[in-house]
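Residues per chain are reported as follows:
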Amino acid sequence: MNRREFLEVLAAASAGGFPLAGRGATARNASKVYDVPRFGNVHLLHFTDCHGQLLPTYFREPSVNLGLGDAAGHPPHLVSEAFLRHFGVAPGTRDAYAFTSRDFIAAARTYGKVGGFAHLATLVERLKASRPAALLLDGGDSWQGSATALWTKGQDMIDASKLLGVDAMTGHWEFTLGADRVKEVVEGDFKGRVDFLAQNVRTADFGDPVFAPYVMREQNGVPIAIVGQAFPYTPIANPRYFVPDWSFGIREQELQQVVDEVRGKGAQVVVLLSHNGMDVDLKLASRVRGIDAILGGHTHDGVPRPSIIANAGGKTLVTNAGCNGKFLAVLDLDARNGNVADFRYKLLPVFANLLPARSDMAALISRARSPYENRLQEKLAVTEGMLYRRGNFNGTFDQLILDGLMAEKNAEIAFSPGFRWGTTLLPGQSITLEQLMNQTAITYPYVTVNELSGETIKIILEDVADNLFNPDPYYQQGGDMVRVGGLQYSCDPAAAMGSRISAMTLNGTPLSANKRYKVAGWAPVSEESRVAGGEPVWELMARYLRGQKTIPPRALNLPKLVGVAGNPGLA
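Described in the following lines is the structure provided in the data block. (Residues numbered from 1 in each chain as written. Predicted model: local features only at pLDDT ≥ 70, side-chain atom pairs only at ≥ 80, totals over all residues. Heavy atoms only, no water.)

1. A look at the pattern of salt bridges
Tallying each qualifying case throughout the model produces 34 salt bridges. With a closest N to O distance of 2.5 Å, Glu81 and Arg102 form a salt bridge. Separated by 21 residues along the polypeptide, Glu81 in helix α3 (residues 80-87) and Arg102 in the loop between α4 (94-99) and α5 (104-111) bring together distant segments of the chain. By relative accessible area, which is 34% here, Glu81 ends up partly exposed. (Salt bridge = Lys/Arg side-chain N within 4 Å of Asp/Glu carboxyl O. Helix = DSSP H or I, 4+ residues; strand = E, 2+ residues; numbered from the N terminus. Buried < 20%, exposed > 50% of the residue type's maximum accessible area, 1.4 Å probe, protein only.)

Okay, structure coming up:
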C-alpha cells in the first residue's frame, strides 16, 4: 500500500461512515501522523504488552510514576507537564493525549479510542509498504488481559498475532497459561512462523535452554540477531506452579555470552527484545556490551525517544513501547561496516479514528468474539466517574475493586494487586462484564479472606514497596504498589528497606502489631491458595456491581507520601 492508496482507503472509510477523530480530522492529517520516511537499511517494528486487547480502548497514562535517586527526572519517570516539556510535546495535542493523563477525559472524547488489532494491522501494512523487509516484534504480555484471551487460553491473540505478521516474541503473562500450553503454541501454532525467544529461561534441573535464545535474520544484506529476554521474575511475581520445572532470571553473564556468540556468527546488528521493564533495561544496557538496541516492555512506559546508554562496547538504545496495542514503534537503523552509524525512532500512537480497520483482521476478531458476545456485553452498572488503573499507588477501578471486596466479604481491609494492565472507562460508560474482565482476567483469580496481624500487614506493604522502589533496578519487579482499602498509611519511597511504611491507621486508630484484622484480597500466588480455591474475583465484583447499578466517582485511598515533593514523576 503506497501513500496514495493509503489516503484513498481513509477517504473511502470516511465516506462509508467510518468515524474519524474530532477537530475536523481528515485523511490528510492521518497521513501526516503516520507518514514516517524510511531511513537506513535495517527496519524494526515493535509493540508490547497489548494484554489481550483486540478492540480499540481508552487507556489513561499514569499521573504518578516516581523515579528516585539517579532515576529521578529521567524517562520513564516523567508524567504530565514534566513529560511534555522533556519530550517537546505541545499540550492539548493528540500526542499529549496519547502519552500523558493530562485533561484525559476531554482529550479522550476529542481524539477517541486507541489501539485495536484491526487498526494496528493497517498501520503495520502501511509501514511495511515502504519497509518490505521490516521485522515485526512482540515484546510479550499478549495472550492475557481480556475475557476472550482467558476463555480461549490465548488462542484469539495467537491467531491475531499470526495474521498481523509477528516475526518474533518473548513472554511473561503467557507463562500463566502454564508451561504445557506455552510449549503447545510454540511447537504448534508458531512453528515455522513466529520465533518465541527467551535466552533467560532454563530448565530447573540441568539449566538447559527451554526456548531458542535468539534468531538470526538478514535484512537488505545486513545480518541481524534478535535475542529474547522473558520477564526474569515470573515465578515470584506469578504462581510458580505454572512453570515448576523452569528457572528464570536476568542472567546478565549468559546474555553477554549470547551476544558474543551472535557477533561471532556475523551479526552486524544485535537487538534485545526484552520484557525486563525499562529501569532494568537501562542498567543492563550499561553492563552488557554489543547490544545496539533494547526494545523493551513490561512496565508499560510509552517513551517517545530512546535513552542512549554508554557501556564498555559503545552505546545502546533503550526504548519502551507502552501497552494495550496503543503504540507501534518504528526503529530504522543505518548499519555500515559492522556498526550502527545512525538511527531514527518513532513511537506512533494507534489512533483508531485515523486508521481504518483492516478487513481480514476485523473478520478474525469478530469470529473470535462471536461465541461470547452476549456474555461480554452484559451491563453490570454505569459509572459516573472515570475508572482507570495505572499509577504507582491506586486507580479508581482498583478502588472500586477494593470497595467491592470489603463490602462483599465484610472485611476491614482489602488488598488488590498493583497490576499495570487494565483499560479505562469514561464517565457515563457502562461497566460491562467485558470491562470488568479487562481488569481481572487471570488464571489465579481466587478471592481470599484472612485474619492478619498488624505486624504482618506492615511486612506485606514493606515487601511490595521494596519491589517498586528498591534503588537497584535489578531488585524491582515492575509492578505498582499493592492497592489498599480501609487502611491509611504513610510511605517514604526513598527510605531504607523495611522503613518505608509508617503511621498505619484504621478508622483513625493506629494499627496494633499484635491485633488481627479481617483482610480480603485476590490473585494469591501460593500453591495452598490454588488448592483452597475461592470465588473468582470477577464473580464477586459482578454481584457487587449489579447491586450498585450506578457507581459514583471513586475517592482514592492514597498513602501520605513523604519526601517526594517536586518529583517530576508526580503530577
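2. Concerning empty space enclosed by the protein
If you walk through the whole model with that rule in mind, you get three cavities of 30 Å³ or more. Considered as a void within the structure, the largest cavity measures approximately 130 Å³ in volume. If you trace the largest cavity, you find 18 residues lining it, with Glu61, Pro62, Pro76, Leu78 and Phe83 closest to the centre. If you tally residues by element for the lining of the largest cavity, the top one is α3, at three residues. (1 Å grid on protein atoms, 1.4 Å probe; cavity = no way out; pocket = protein on both sides within 12 Å on 5 of 7 lines; lining within 4 Å. Points joined across faces, edges and corners; volume = space filled by probe spheres on them.)

3. Details of α5
Turning to α5, its buried residues number three or more, namely Phe104, Ala107, Ala108 and Tyr111. Each buried residue of α5 lies within a common arc of 100° when the element is viewed along its axis, so the set occupies one face. Where α5 is buried, its residues meet α4. Of the residues trailing α5, Gly112 is marked for its positive phi of about 85°. (Arc of directions from axis to C-beta. Contact = heavy atoms within 4.5 Å.)

4. Notes on the nonpolar core
If you look at the biggest cluster of nonpolar residues, it comprises 119 residues, and the most contacted ones within it are Phe117, Trp143, Leu164 and Phe211. Excluding anything up to four places from it in sequence, Phe117 contacts Phe47, Cys50, Gln53, Leu54, Met157, Ala160, Ser161, Leu164, Met361 and Ile365. Residues Leu400, Met406, Ala411 and Leu540 belong to the second largest nonpolar core, which totals 40 residues. (Core = buried A, V, L, I, M, F, W, Y, C linked by side-chain atoms within 4.5 Å.)

5. What to know about the environment of Leu561
With respect to the secondary-structure elements, Leu561 resides in strand β25 (residues 560-561). Linking Leu561 and Tyr446, residues 115 residues apart in sequence, is a C-alpha distance of 31 Å. The contact partners of Leu561, leaving out residues within four places of it in the chain, are Phe393, Cys491 and Leu570.

6. Let's talk about helix α6 (residues 117-130)
For α6, with 14 residues, the first-to-last C-alpha span of 20 Å sits near the 20 Å given by 1.5 Å per residue. Judged by how many residues are buried, α6 sits mostly within the fold: 10 of 14 residues are covered. By the burial criterion, the buried members of α6 are Phe117, Ala118, His119, Leu120, Ala121, Thr122, Leu123, Val124, Arg126 and Leu127. (Expected span 1.5 Å × (residues − 1).)

7. Here we look at the environment of Thr396
Secondary-structure assignment places Thr396 in helix α15 (residues 396-409). As for Thr396 and Ala555, which are separated by 159 residues in sequence, their C-alpha atoms are 7.4 Å apart.

8. Section: the sheet that holds strand β12 (residues 314-320)
The six strands are arranged β6-β7-β9-β10-β12-β11 in an open sheet whose pairing can be described as mixed. The open sheet terminates on both sides in strands that have one partner only, identified here as β6 (214-219) and β11 (307-311). Neighbour-to-neighbour, the strand axes of the sheet open up by a mean angle of 25°, direction not taken into account. Sheet topology note: the β11/β12 ladder contains five bridges and is antiparallel. (Pairing = 2+ DSSP bridges. Axes fitted to C-alpha atoms, helices over the stretch in contact; angles between N-to-C directions.)

9. Observations regarding the sheet that holds strand β20 (residues 487-491)
Spatially, the four strands line up as an open sheet ordered β22-β21-β20-β25, and their pairing is mixed. Each of the sheet's edge strands pairs with one partner strand only, and the pair in question is β22 (509-510) and β25. Sheet topology note: the strand β21 (residues 501-506)/β22 ladder contains two bridges and is antiparallel. Pairing of Thr505 across the sheet is with Pro510, part of β22. Running over the sheet, helix α17 (residues 454-469) touches β20 and β21 and is turned about 135° from β21.

10. Structural notes on unusual backbone geometry
For the peptide bond that leads from Pro75 to Pro76, omega is 10°, which places it in the cis range. Mapped onto the elements of the fold, Pro76 is located in the loop between β1 (42-47) and α3. In this model, Lys153 sits at a positive phi of 55°, which is unusual for a non-glycine residue. Mapped onto the elements, Lys153 comes out in the loop between α7 (147-151) and α8 (155-164). Residue Asn410 is not a glycine yet carries a positive backbone phi of 50°. Relative to the helices and strands, Asn410 resides in the loop between α15 and β16 (413-416). Classification of Asn410 as exposed rests on a relative accessible area of 62%.

From the geometry alone we can't say anything about function, so treat these as descriptive.
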